[in-house]
Amino acid sequence: MKSQKVWFVTGASKGLGLNLVKELLAQGYHVVATSRTKRALEDEIGENENFLPLEVDITDNADVSRAVLSAIDYFGRIDVLVNNAGYGQTGTLEELSDSETRRNFDVNVFGSLNAIRHIAPHMRHQQSGHIFNIASIGGLAGNFPGFGIYCSTKFAVAGFTEALAVEMQPFGVHTTLVYPGYFRTDFLSDGSIQTASNPIPAYITARENETAHLQHIHGNQANDPQKAATLLIELSTLEHPPVHFLMGEDALELAKNKINMLTAEIERWKSYTVSTGFEQPVK
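Cut-offs used in this document
Residues numbered from 1 in each chain as written. Predicted model: local features only at pLDDT ≥ 70, side-chain atom pairs only at ≥ 80, totals over all residues. Heavy atoms only, no water. Helix = DSSP H or I, 4+ residues; strand = E, 2+ residues; numbered from the N terminus. Rg over C-alpha atoms; globule rule 2.2 N^0.38 Å. Buried < 20%, exposed > 50% of the residue type's maximum accessible area, 1.4 Å probe, protein only. Areas by Shrake-Rupley, 256 points an atom, 1.4 Å probe, with all protein chains shown as cover. Lys, Arg positive; Asp, Glu negative; His and termini not counted. Charge placed at Lys NZ, Arg CZ, Asp CG, Glu CD. Pairing = 2+ DSSP bridges. Axes fitted to C-alpha atoms, helices over the stretch in contact; angles between N-to-C directions. Contact = heavy atoms within 4.5 Å. Salt bridge = Lys/Arg side-chain N within 4 Å of Asp/Glu carboxyl O. Parallel < 35°, antiparallel > 145°, perpendicular 65-115°, else oblique. Left-handed = near helix turned anticlockwise from the far one by under 90°. Nonpolar A, V, L, I, M, F, W, Y, C, P; charged D, E, K, R; others polar. Right-handed = clockwise from strand over helix to strand, strands pointing away. Expected span 1.5 Å × (residues − 1). Bend = angle between axes of the 7 residues up to and from the residue. Core = buried A, V, L, I, M, F, W, Y, C linked by side-chain atoms within 4.5 Å.

Visitor: Quick question: what am I supposed to make of the overall build of the chain here?
Guide: When helices and strands are counted, the chain shows 9 helices and 7 strands. Over its C-alpha trace the chain gives a radius of gyration of 20 Å, about what one expects of a compact globule, namely 19 Å for 283 residues. When its C-alpha atoms are laid out on the principal axes, the chain stretches across 70 × 60 × 35 Å. Put simply, the chain has 283 residues, and 46% of those count as buried. Within the structure as shown, the chain displays about 14,800 Å² of accessible surface, and the carbon and sulfur contribution to it stands at 54%. Looking at the chain, you have 22 positive and 32 negative side-chain charges, and the mean spots of the two groups are 4 Å apart.

Structure below.
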C-alpha cells in the first residue's frame, strides 16, 4: 500500500523538495522531511500525523545518522530516499575561494553521501527501496561560464550514482539519477544562490551568464515544480524505473547537444585515440 511507504526527503523546506513533500502527503504517503531549520518545515506544512519534520545539518555525518534513526523509530522503515538538498554557487574557478568551493561540495556531494551511507543499510535489510539523487542538467553539460564548481558537484553526484545503482541492484534497491532542467523555484533567488565573494572584473562572459540567470531566467523557468513532484512519485511506482532520467524539455535538448558534441569530437580525434596501443609484431 502506498500509504505505508515512507519517504525521506532532504532539502524539503522550499523548491522541488517542498512541492514533493506536499504532494506525497496529499497522496497519503508517510514523509520524513529535513531542513536546516525545523520551523521552516512546520510553517510550510503544519501538523500531520504522517509527517516528521527534522532539523538536520546534511553536512554533519553524525547529525544525519541521528535523523535516520529518528525516522526509523517513528515510522519503522524508509522506502524512498530523495537527496534533494543543495544550492547553487556561481563564480569562475579562479574567483572562488577554497572555503566557497568546499562548502558547495560539502552540501551538494557529501551531504547526499551521508544520507546514503546511513539509509542504505536499512534498504539492504528490507531487500527493497528506491534512491533518487537530484543532480542537474549541469551535471551532464558543464559548459556554463561562472557555474563550473556547481556543475562539478553535480557531475560528482552523477558519477557516484552510476556506481550506486549497480551496488544496490542485487538487494532489490532501485537508484535513479535525475537531471532537472530549469524549474520555476527560488533556486536562482538571492536567498538561495551564492555568488563569488571576490569577483574578478576580467571575467566578462561569466558575469554576463550570471546576470542572465539571476535577472532574466529566474522567474521565467519553463518547468513546473509541481509536475516534477508528481512525476517523481510516478517513477517510484514503476517496476523497472530508469537509472538516468532527464526532467524537462530543456534538459533533453542540452543532453542531446552534449551527446552530439562528444560524438563529433570523438570521431575527429579517433586516429589519435587508438594510436596508443603496442605495435603488434609482424609474423
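Once you've had a look at it, read on.
Visitor: Help me out: how do you make sense of the sheet that holds strand β6 (residues 173–180) in this one?
Guide: The strands making up a sheet are joined through hydrogen bonds of the backbone, oriented either antiparallel or parallel. The sheet built from 7 strands is open, its strands ordered β3-β2-β1-β4-β5-β6-β7 with parallel pairing. Of all the strands in the sheet, the pair left with one neighbour each is β3 (51–55) and β7 (244–247). With direction set aside, neighbouring strand axes in the sheet form an average angle of 15°. The sheet contact formed by strand β1 (residues 6–9) and strand β4 (residues 80–83) spans 3 bridges and is parallel. Its bridge partner being in β4, phenylalanine 8 is matched across the sheet by leucine 81. Packed onto the sheet, helix α3 (residues 61–75) meets β1, β2 (30–35) and β3 and runs at close to 165° relative to β3. The strands that helix α7 (residues 225–236) touches are β1, β5 (129–134), β6 and β7; relative to β5, the one it contacts most, it runs at about 145°.

Visitor: Teacher, can you tell me more about the side chain of histidine 118 here?
Guide: Tracing the backbone shows histidine 118 in helix α4 (residues 98–126). Given a relative accessible area of 18%, histidine 118 falls into the buried group. Leaving out residues up to four positions away in the same chain, histidine 118 has contacts with Asn61, Val64, Ser65 and Val68.

Visitor: Is there a simple way to explain the pattern of salt bridges in this structure?
Guide: Pairing between side chains of opposite charge can happen when the charged atoms of each approach one another. The tally for this structure, following the rule as stated, stands at 8 salt bridges. The salt bridge involving arginine 66 is made with aspartate 63; its shortest N-O contact spans 3.3 Å. In this pair, arginine 66 and aspartate 63 are both assigned in helix α3, 3 residues apart and thus about one turn of the helix distant. One network of salt bridges, with partners in common, ties together Glu95, Arg207 and Glu210.

Visitor: Please clarify how the packing of helix α1 (residues 15–26) against α7 should be interpreted in this entry.
Guide: Between α1 and α7, the least distance of the axes is 8 Å, while the angle of their chain directions is 55°. The orientation of α1 relative to α7 falls into the category oblique. Note that α1 runs across α7; the crossing there is right-handed. Within the contact between the two elements, α1 uses Leu16, Asn19, Leu20, Glu23 and Leu24 and α7 uses Pro225, Gln226, Ala228, Ala229, Thr230, Leu232 and Ile233. Looking at side-chain class alone, the contact of α1 with α7 contains 8 nonpolar, 3 polar and 1 charged residues.

Visitor: I keep staring at the pairing of β4 and nothing clicks. Help me out?
Guide: Working note: regular strand, side chains alternate between the two faces of the sheet. The alternating pattern of β4 places Val80 and Val82 on one face and Leu81 and Asn83 on the opposite face, and all of these are buried. As defined by bridge partners, β4 adjoins β5 across 4 bridges and the pair is classed as parallel. By the bridge assignment for β5, valine 82 is matched with phenylalanine 132. Taken together, β4, α4 and β5 constitute a β-α-β crossover, and its handedness is right-handed.

Visitor: Honestly, α4 in this entry has me stumped. Any pointers?
Guide: The α-helix winds at 3.6 residues per turn, so residues separated by three or four positions along the chain end up facing the same way. With 29 residues, α4 should reach 42 Å at 1.5 Å per residue; the first-to-last C-alpha distance of 41 Å fits that figure. Approximately 40° is the largest bend angle found in α4, and it occurs at aspartate 106.

Visitor: How should the environment of leucine 16 be read in this particular structure?
Guide: Looking at the secondary structure, you find leucine 16 in helix α1. C-alpha of leucine 16 to C-alpha of threonine 175: the two residues are 159 residues apart in sequence and 19 Å apart in space.

Visitor: Just to check I follow, could you spell out the nonpolar core for this structure?
Guide: Soluble, globular proteins show a tendency: their nonpolar side chains are buried together. Counting 36 residues, the largest nonpolar core has Phe8, Val32, Val68, Ile78, Leu81, Ile119 and Met123 as the members making the most contacts within it. Every element with two or more residues in this core is listed here: β1, β3, α3, α4, α5 (148–168), β6 and α8 (249–268). The dominant element in this core, judged by the number of residues it contributes, is α4, at 7 residues. Isoleucine 78 has contacts with Val6, Phe8, Val68, Ala71, Ile72, Ile119, Met123 and Gln126, leaving out every residue within four places of it along the chain. In terms of nonpolar packing, the next biggest core, distinct from the first, is built from 27 residues, Ile45, Val82, Ile233 and Met247 among them.

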